Amino acid sequence: MSRIKYILRDGWRLVWRHFGMSLLTVFTAMSVFFVIGATMLFILNIRNVIGTMENQLSIQAYMKPDTDLEAASKRIKAMRNVKSVKIITKETALERLRARLGNQANAVTLLGSNPLPASIEVRVSRAAEVSETARMLMAIPDVDDIVYAGHVAEKLTRLSTFVERFSLVMLIVALAASGVVLFNTIRIAVYSRAEEIDVMMKVGATSTYVAFPFVIQGFILGLTGALVASAALGYSYFSAVARLKDMLPFLSFIESPRLLAKLSLVLICCGTVVSLFASLIAVEKFIRKAAKPL
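What counts, and where the lines are drawn
- Residues numbered from 1 in each chain as written.
- Predicted model: local features only at pLDDT ≥ 70, side-chain atom pairs only at ≥ 80, totals over all residues.
- Heavy atoms only, no water.
- UniProt positions renumbered as here; feature names shortened; annotations may be inferred.
- Helix = DSSP H or I, 4+ residues; strand = E, 2+ residues; numbered from the N terminus.
- Buried < 20%, exposed > 50% of the residue type's maximum accessible area, 1.4 Å probe, protein only.
- Contact = heavy atoms within 4.5 Å.
- Patch = residues over 30% accessible without salt bridge, like charges linked within 9 Å, V, L, I, M, F, W, Y side chains within 5 Å.
- Areas by Shrake-Rupley, 256 points an atom, 1.4 Å probe, with all protein chains shown as cover.
- Salt bridge = Lys/Arg side-chain N within 4 Å of Asp/Glu carboxyl O.
- Pairing = 2+ DSSP bridges.
- Axes fitted to C-alpha atoms, helices over the stretch in contact; angles between N-to-C directions.
- pLDDT = per-residue confidence, 0-100.

The protein is annotated in an unreviewed UniProt entry as Cell division protein FtsX from Cloacibacillus porcorum. In its Subcellular location (unreviewed entry) section, the UniProt entry covering the protein states "Cell membrane".

**Student:** Can you tell me about the overall build of the protein, naming the residues and giving the values?
**Tutor:** Check the secondary structure of the protein and you find 9 helices and 4 strands. Counting helices and strands in the order they occur from the N terminus, the protein gives α-α-β-α-β-α-β-α-β-α-α-α-α. Counting the 294 residues in the protein, one finds 37% classified as buried. For the protein, restricting intrachain contacts to residue pairs at least 6 apart in sequence, the fraction spanning at least 24 positions comes to 83%.

**Student:** Explain a nonpolar patch on the surface to me, using residue names and the numbers behind them.
**Tutor:** A contiguous nonpolar patch, built from Phe42, Leu159, Phe162 and Phe166 and spanning about 400 Å² of accessible area, is present on the exposed surface. Top element by residues in the nonpolar patch is helix α6 (residues 150-192). It accounts for 3 residues. The topology assignment puts phenylalanine 166 in helix α6. Residue phenylalanine 166 is classed as partly exposed on the basis of its relative accessible area, which comes to 32%.

**Student:** Give a detailed account of the sheet that holds strand β2 (residues 82-88), specifying residues and quantitative values.
**Tutor:** Overall, antiparallel pairing links the 4 strands, which are arranged β2-β3-β1-β4 in an open sheet. Pairing within the sheet leaves two strands with one partner each, and these edge strands are β2 and β4 (143-147). The sheet shows a mean angle of 25° between the axes of neighbouring strands, taken without regard to direction. Pairing analysis gives 6 bridges linking β2 to strand β3 (residues 119-124), with the strands arranged antiparallel. Each residue of the ladder has a partner; that of lysine 86, found in β3, is glutamate 121.

**Student:** Explain the pattern of salt bridges to me, and be specific about the residues and the numbers.
**Tutor:** Under the defined criterion, the tally for this structure stands at 2 salt bridges. Here glutamate 132 and arginine 80 are joined by a salt bridge, their closest N and O atoms 2.5 Å apart. In this pair, glutamate 132 is assigned in helix α5 (residues 130-138) and arginine 80 in the loop between α3 (69-77) and β2, connecting sequence segments 52 residues apart. For arginine 80, a relative accessible area of 53% gives the class exposed.

**Student:** Give me the lowdown on the confidence of the model for the protein, citing residues and values where you can.
**Tutor:** Of all residues in the protein, 75% have pLDDT values of 70 or greater, and the mean over the chain is 75. The least confident element of the protein is helix α1 (residues 2-17), whose mean pLDDT is 65; the most confident is α3, at 86.

**Student:** Kindly report on the pairing of β3, identifying the contributing residues and their values.
**Tutor:** Buried residues dominate β3, accounting for 5 of its 6 residues. Both strand β1 (residues 59-63) and β3 contribute to a ladder of 4 bridges, which runs antiparallel. The partner of tyrosine 62 across the bridge, within β3, is serine 119.

**Student:** For the side chain of glutamate 121, give the residues involved together with the corresponding values.
**Tutor:** Along the chain, the position of glutamate 121 falls in strand β3. Residue glutamate 121 is classed as buried on the basis of its relative accessible area of 11%. If near-sequence neighbours (up to four positions away) are discounted, glutamate 121 is found in contact with Ser58, Ile59, Gln60, Ser84, Val85, Lys86, Ile88 and Arg96.

Right, dumping it as structure tokens:
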């Protein structure tokens, strides 16, 4: 118990003894984790927008005359990648045309009989599946023609892939940067107590007994930076979303407090884990050197 009290007490002493460096480390760690959180929120919102656009992508399969629409829709529904199907009868297609024409809807009556074909509206789960599904639809004998936004689907697929890779790279870079900052801070603290550590090792102190106060110091600094970053991120994000909704009402932004709470928990866990590993790496080399016999 006395060892634990010493480790905790000395860890706090290290924080206050190098207060200027500790404050700088907390600020830097806060900045790094704030950037991590902001990047993740940006990526999540981009994915949300992409998902919304993907849900709006559809393939219009125009059917041949006298096709059994119910049987055809069941067959299409059973295909892989198909999320949902909707039968558009000739009458429904005509009503849609009238709605689009607006004031000129009376011109439709000049056509006499309804010339529009029945169709089945097909939706897929992801934009990357649109082209493949379109080729499968064309192989169905009852399908006369198909219409879909192929170029839009391809661009959404490329954008989605880029966002996934970008998020991974940004996360790795940000975590590495925070680890380097904490590593350098702990290493400076270790060198400032070099003689004291050397004496302690020579009189029989264990490596764990000597190293853990520095680990506690790194843990406190990393955790504090992550906590401050989480609080700042929550306030700034909801403020930014409130303004962006007025500027860009056609876009849907994520406004889930639960999601932000989960993200804050992830940041705090990252801050804790990164600070612990950085502290262990920083102090391990020096402790091993001091422990060598004369």
